[in-house]
Amino acid sequence: MPTDDRASGSPWTVLKALQWTAEYFNRHHIESSRIDAEILLAHALHCQRLDLYLRHDQPLNENERVKFRGLIQRRIRREPVAYIVGAKEFWSLRFRVTPAVLIPRPDTECLVENAIKNIPQGNAGQECDVLELGVGSGAVIVALAHERPGARCWASDTSWAAIQVARDNARLNGVAGNIRFFAGRWLDPLRSRSQRFDLVISNPPYIPSGDIGQLPPEIRLFEPTGALDGGEDGLTHLGAIMAEAHGYLKPNGLLLLEIGFDQRDRVQALARQSGAYRPIIFHKDHGGHDRVVMLRKKGI
Ligand code: GLN
């Protein structure tokens, strides 16, 4: 990044820095070039993105230029903006993210929307026990606890680093008292417990192992593979959860899962095979893909 505008001799302002950086990102085929430039510059200047518009003519000092240049270099190496700034917005809430957790995706709001519809509001919600498997950053369970403060929430992950991040996010969003965290693989830690849930929810890894190498470098090189890799056919974890979760649901309880855009038929076959759920309903995300499956445990 140049330090001043050589032609005019004028200083390097916020506006010039943004224009130059967006152009530089374009040349490196970074798609959201202008937004990325804005988020990174706001981070370097310790201000909000929108504040930049009020500061277009402000010159950058040497420290700010050095800091911004470092952030640009990281982005050019394809590090996701959310990891560079350590934060991502989801469900209009702010989440801390580290490379130990997947960056929350807009698609996953479909999972949250459908869960909320099934957790009663007010006093009725106080009888509602919700469990998230594979909590990652905590985006899903924190959004639920935020929308339904009466619900009793539990959340687990195999990664202690992820649980730490999720705990922080619960605290940052004022719902730490509503969520109990524990470590372990899917339902294993609950084997010896009698606790049963009204809603079990998960966005497990569902990408076929062979497809991981074709993902964009931002995902392939930086996000935790363990949170993405769904085994050879992508269905290893979805299958394991469907096979067991009904044993931990109250009668008529719900299992809600995020699935890959092309997994509907195979997920339906697995759910039917378990013989434990009826009905089996799919919900589309905003992109029109079947993204969430809702499985109701057959009443007994
Ligand atoms: N939707 C995510 C992606 O495309 C995958 C999330 C997952 O495997 N649960 O990167």
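Look a little higher up for the structure.
Procedures and definitions
- Residues numbered from 1 in each chain as written.
- Predicted model: local features only at pLDDT ≥ 70, side-chain atom pairs only at ≥ 80, totals over all residues.
- Heavy atoms only, no water.
- Near = heavy atom within 4 Å.
- Polar contact = N/O pair within 3.5 Å; in protein donor to acceptor, adjacent residues only side chain to side chain.
- Areas by Shrake-Rupley, 256 points an atom, 1.4 Å probe, with all protein chains shown as cover.
- Nonpolar A, V, L, I, M, F, W, Y, C, P; charged D, E, K, R; others polar.
- Helix = DSSP H or I, 4+ residues; strand = E, 2+ residues; numbered from the N terminus.
- Buried < 20%, exposed > 50% of the residue type's maximum accessible area, 1.4 Å probe, protein only.
- Contact = heavy atoms within 4.5 Å.
- Axes fitted to C-alpha atoms, helices over the stretch in contact; angles between N-to-C directions.
- Parallel < 35°, antiparallel > 145°, perpendicular 65-115°, else oblique.
- Left-handed = near helix turned anticlockwise from the far one by under 90°.
- Pairing = 2+ DSSP bridges.

Q: Help me understand the site of the ligand, please; the structure alone is not making it clear to me.
A: All residues in the neighbourhood of the ligand are listed as R105, N203, P204, P205, Y206, I207, I219, A227 and L228. Side-chain polar atom of R105 to an oxygen atom of the ligand: 2.6 Å apart, as the coordinates give it. Computed on the free molecule, the ligand has an accessible area of 300 Å², of which 88% lies beneath the protein chains in the complex. Residue composition of the shell around the ligand, grouped by class: seven nonpolar, one polar and one charged.

Q: Would you explain the side chain of E79 in this entry?
A: By the secondary structure assignment, E79 is in the loop between α4 (62–76) and α5 (81–85). For E79, a relative accessible area of 14% translates into the label buried. Each residue touching E79, except ones within four places of it in the same chain, is listed here: R74, I84 and F222.

Q: What am I meant to see in helix α7 (residues 139–147) here?
A: In an α-helix, one full turn covers 3.6 residues, which means residues spaced three or four apart are oriented alike. Of all nine residues in α7, seven are buried; the element is thus mostly enclosed. Those residues of α7 that fall on the buried side of the exposure criterion are A139, V140, I141, V142, A143, L144 and A145.

Q: Quick question: what am I supposed to make of the packing of helix α2 (residues 33–44) against α4 here?
A: Think of two packed helices as two axes; the pair is described by the angle between the axes and how far apart they sit. Packing of α2 against α4 leaves a shortest axis separation of 9 Å and a crossing angle of 140°. In terms of orientation, α2 and α4 fall into the oblique class. Viewed along their axes, α2 and α4 form a crossing whose handedness is right-handed. Facing D36, A37, L40, L41, H43 and A44 of α2, the residues of α4 in contact are E64, K67, F68, L71 and R75. Here the residues of the contact of α2 with α4 sort into six nonpolar, one polar and four charged.

Q: Mind showing me how you'd approach the pairing of strand β9 (residues 249–258) here?
A: Side-chain direction in a regular strand flips from residue to residue, so the side chains alternate between the two faces of the sheet. Most of β9 sits inside the fold, with seven of its ten residues counted as buried. Sheet analysis places strand β8 (residues 197–202) next to β9, joined by five bridges and oriented parallel. Of the residues in β9, the one forming a bridge with V200 is L255. Here β9 pairs with strand β11 (residues 290–297) via five bridges, running antiparallel. Each residue of the ladder has a partner; that of L256, found in β11, is M294.

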